[in-house]
Amino acid sequence: MQRIRLRYTKRGRLRFTSHRDFQRAFERALRRSEVPMAYSAGFTPHPKVSYANAAPTGTGSEAEFLEIALTEARDPAVLRALLDASLPDGLDITDAVEARTPGLADRLTASVWELRLDRVAVEEARKAVDAFMAAGTVEVQRRAKNGMRTFDARAAVVELQALDPQPDRPGDTPCAILRLVVRHETPAVRPDDVLSGLRAVADLAPPVPAAVTRLAQGLFDEESGTVTDPLAPDREAAPAVSTQADPAAVATVPEGAGSA
């Protein structure tokens, strides 16, 4: 059995698709592409697809991951192209590698998020960020299955900064960009929890909903403070391709071929 790990995106209007919606679209893409999927046992077999830490509905993402199991070996690059062509624009397969190391989910320990706050001045956002980062704890509430739950939104945040908007953006209305690095802990701290924390410590309340996009997801490197590519270990474990020609595979050119 071959296992392939894929990175995919949720862009544009497709950010509003739920995880269940993506599952249905992806399984249709598998059938259209005639991927030789491995199936689970039992009365209702399902294709062996493992999803890892999907982004909340309504948020965009450049770094979602899943793993599929195949009954026949396939070239990851060819498989990526086939699946990408079978999915709607916005749900894009951007990378594929053969799984050669265990524990993909264990390597997803942090995320980098971008939060676009329209109609919020950068200086106002920076003051709120400074207050949030200086706080020891920032308690927020979130509705759970068993009612409202209170937890600390500050402890999981590694980095939070307010950036100027892109130079090519129209300058008629203010727009602050927040860059957030958050650890995947329990309970999970989501971007909207951080926004609730900014409201609690600095009364920052954007007049329109924030546009949230996950830029990266992977293992958090304590030394560099960066989030690393979770597929890199699989690439590094791939056997090196020999550049030396195999004498038995060298084609011979008949005499006179190619002459004018």
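Going by the structure above, here's the rest.
A brief look at the structure comes next. Owing to the predicted nature of the structure, the values given are computational and were not obtained by experimental measurement.

**Observations concerning the overall build of the protein**
Thinking step 1. Each helix and strand counted, the protein has five helices and 11 strands in total.
Thinking step 2. For 260 residues, the compact-globule estimate of 2.2 N^0.38 gives 18 Å, and the C-alpha radius of gyration of the protein, at 23 Å, exceeds that figure by more than 25%.
Thinking step 3. Expressed as lengths along the three principal axes of its C-alpha atoms, the size of the protein is roughly 80 × 60 × 35 Å.
Thinking step 4. When burial is assessed residue by residue, the protein has 40% of its 260 residues classed as buried.
Thinking step 5. The contacts of the protein with a sequence gap of at least 6 include a subset with a gap of at least 24, amounting to 75%.
Thinking step 6. Roughly 14800 Å² of accessible area belongs to the protein as shown, and the carbon and sulfur atoms make up 50% of that amount.
Thinking step 7. The averaged location of the 37 negative side-chain charges in the protein is 7 Å from the averaged location of its 33 positive side-chain charges.

**Quick look at the environment of Val-120**
Thinking step 1. Relative to the elements of secondary structure, Val-120 occurs in the loop between β5 (110–118) and α3 (122–134).
Thinking step 2. If we ignore the near neighbours within four places in the chain, the residues touching Val-120 are Ala-125, Pro-174, Cys-175, Ala-176, Leu-204, Pro-206 and Pro-207.

**Remarks on the environment of Pro-209**
Thinking step 1. Summarising the element assignment, Pro-209 is placed in the loop between α4 (191–202) and β10 (211–221).
Thinking step 2. Here Pro-209 falls in the exposed class, since its relative accessible area comes to 75%.
Thinking step 3. Once the C-alpha coordinates of Pro-209 and Leu-66 are considered, the two residues, 143 residues apart in sequence, prove to be 29 Å apart.

**Points about the environment of Gln-141**
Thinking step 1. As for its placement among the helices and strands, Gln-141 is situated in strand β6 (residues 139–144).
Thinking step 2. According to the relative accessible area criterion, Gln-141 is exposed, its value standing at 51%.
Thinking step 3. C-alpha of Gln-141 to C-alpha of Gly-197: the two residues are 56 residues apart in sequence and 9.2 Å apart in space.
Thinking step 4. With residues up to four places along the chain from it excluded, the contact list for Gln-141 reads Met-148, Arg-149 and Thr-150.
Thinking step 5. Within polar-contact distance, the side chain of Gln-141 engages the side chain of Thr-150 at 3.2 Å.

**Notes on the pattern of salt bridges**
Thinking step 1. Under the criterion given, the structure shown has 21 salt bridges.
Thinking step 2. Across the pair Arg-100 and Glu-98 runs a salt bridge whose closest N-O atoms are separated by 3.1 Å.
Thinking step 3. What makes Arg-100 partly exposed here is its relative accessible area of 38%.
Thinking step 4. Residue class for Glu-98 comes out partly exposed when judged on its relative accessible area of 26%.

So, how was this worked out
Residues numbered from 1 in each chain as written. Predicted model: local features only at pLDDT ≥ 70, side-chain atom pairs only at ≥ 80, totals over all residues. Heavy atoms only, no water. Helix = DSSP H or I, 4+ residues; strand = E, 2+ residues; numbered from the N terminus. Rg over C-alpha atoms; globule rule 2.2 N^0.38 Å. Buried < 20%, exposed > 50% of the residue type's maximum accessible area, 1.4 Å probe, protein only. Contact = heavy atoms within 4.5 Å. Areas by Shrake-Rupley, 256 points an atom, 1.4 Å probe, with all protein chains shown as cover. Lys, Arg positive; Asp, Glu negative; His and termini not counted. Charge placed at Lys NZ, Arg CZ, Asp CG, Glu CD. Polar contact = N/O pair within 3.5 Å; in protein donor to acceptor, adjacent residues only side chain to side chain. Salt bridge = Lys/Arg side-chain N within 4 Å of Asp/Glu carboxyl O.

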